[in-house]
Amino acid sequence: MNKMDLYRAFGAVDDDILERSESANAKTIRFRWQHALIAAIMCVCLMGAGVVAVIWGDSIQSWFDHYWQAITGQEMSSDQAALIDHLSQEIGVSQIIGDVTVTVDSATVGDDGFYLLFRIEGVEFNGRKSYGFNEMEIQISPDPTKEYGGMASYGYDSHGIDGDGSVILIMEYNFVTKIGYVEDTRPLEVEITLRDLVESPQTEWEKTLQEGEWTYRFTINRLNPPATISLPDATVDAIDLTKRDEYTTVPVLITDLEVTNTGLRFKYDYQEGNYDVPAHIDAILANGVSIGVGSGSGHPLEESGLLFCSYKWLVPIDLEEITAIDFNGIIIPIS
């Protein structure tokens, strides 16, 4: 198996398993699951060590704090913690079905998406298992994909069992439009429906723990948008997908590059799907730590021949701490 075979193999996993896109022309990238596993292992280790009183998911801010330590090996700075607090808000809506209480605890809001922390409690969970729901539906209003055209993607990761025995889920919702980024600070009216709590979801060992439908309606405030830095155009390497039997890269110019607290966005000539800029993008921090992207999506812009891409950092980042962006080995400094 050569490099091109490997690239296509991983691309098939993204398309067939991790993303169900409504747009056949859209390029999509989803979560790096190993980071969710790190957080789950960290939680299991805490519980195994007898620190059962530790509740590291009591808000999305505290969850990001522990997640930061899990993926970087360092404590979060005070400025970093202040940033996440600035972007976050309490939701605090719960519903009980049978013995199971599911709470939409809190949110962290980006410029074209948001994160939600869910807590599930009421039954005894096994730290060696994963948990989730058989179905999830979400609607937001105003919906930018209906106003401007485009697509939205959403999904959740299970991050293990908290110190008080609750399952922690982190849901991420992102959207991208066919006219590019549109600044919008209007509040979002959100409706989420979760159906049937299951153990070991989407596997042959899936087991229903509680049937039912949990439905939530709440508002997300977008009055504290992430900060943005604009960077000069840069040339990076893209995969030439027309070379079916070899791994070949070609230089492409990325334009309108903007780095935000929650991610980055840019445009490039993707040659109608023949050129693909890989999602190997890292923010290099002043302390030497690198934070990669965890999800992202792209959509062709109307009548321009360009692809608009929007990626999300694994954890929101204070822009003052970023010194450069690494595009698969090509370094773009931030002065």
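Residues numbered from 1 in each chain as written. Predicted model: local features only at pLDDT ≥ 70, side-chain atom pairs only at ≥ 80, totals over all residues. Heavy atoms only, no water.

A. Broad picture of the overall build of the protein. Scanning the protein from terminus to terminus reveals five helices and 19 strands. When contacts within the protein are restricted to residue pairs at least 6 apart in sequence, long-range pairs at least 24 apart make up 67% of them. (Helix = DSSP H or I, 4+ residues; strand = E, 2+ residues; numbered from the N terminus. Contact = heavy atoms within 4.5 Å.)

B. Region of the structure containing the nonpolar core. Membership of the largest hydrophobic core comes to 46 residues, with the highest contact counts inside it found for Leu-264, Phe-266, Trp-313, Ile-325 and Phe-327. No other element matches the six residues that helix 3 (residues 60-72) contributes to this core. Beyond its immediate chain neighbours, meaning those up to four positions away, Leu-264 contacts Leu-257, Glu-258, Val-259, Ile-281, Val-293, Cys-309, Ser-310, Tyr-311, Trp-313, Ile-325 and Phe-327. Core analysis: the second largest hydrophobic core is formed by 33 residues, Val-100, Ala-107, Tyr-131 and Ile-220 among them. (Core = buried A, V, L, I, M, F, W, Y, C linked by side-chain atoms within 4.5 Å. Buried < 20%, exposed > 50% of the residue type's maximum accessible area, 1.4 Å probe, protein only.)

C. Broad picture of the side chain of Asp-111. Relative to the helices and strands, Asp-111 is located in the loop between strand 3 (100-109) and strand 4 (113-121). Exposure remark for Asp-111: the relative accessible area of 9% places this residue in the buried category. A distance of 2.6 Å separates a polar atom in the side chain of Asp-111 from a polar atom in the side chain of Arg-265. The contact partners of Asp-111, leaving out residues within four places of it in the chain, are Phe-175, Tyr-181, Pro-226, Thr-260, Thr-262 and Arg-265. (Polar contact = N/O pair within 3.5 Å; in protein donor to acceptor, adjacent residues only side chain to side chain.)

D. Spatial organisation of helix 3. For helix 3, with 13 residues, the first-to-last C-alpha span of 18 Å sits near the 18 Å given by 1.5 Å per residue. Listing the buried residues of helix 3 in full gives Ile-60, Ser-62, Trp-63, Phe-64, Tyr-67, Trp-68, Ile-71 and Thr-72. Two residues or fewer past helix 3, Gly-73 is found with a positive phi of approximately 75°. (Expected span 1.5 Å × (residues − 1).)

E. Structural context of the sheet that holds strand 5 (residues 131-141). Strands sit in the order 5-8-9 across an open sheet of three strands; the sheet is antiparallel. The two strands at the open ends of the sheet, each matched to only one other strand, are strand 5 and strand 9 (207-220). On average, each strand axis in the sheet is inclined to that of its neighbour by 10°, with strand direction left out of account. (Pairing = 2+ DSSP bridges. Axes fitted to C-alpha atoms, helices over the stretch in contact; angles between N-to-C directions.)

F. Molecular detail of the environment of Glu-321. Residue placement: Glu-321 occurs in the loop between strand 17 (306-313) and strand 18 (322-327). Here the alpha-carbon distance between Glu-321 and Asn-287, two residues 34 residues apart in the chain, equals 7.9 Å. Aside from chain neighbours lying at most four places away, what touches Glu-321 is Ser-77, Asp-79, Gln-80, Ile-284, Leu-285 and Ala-286.

Such coordinate-based values are descriptive only and should not be taken to indicate function.
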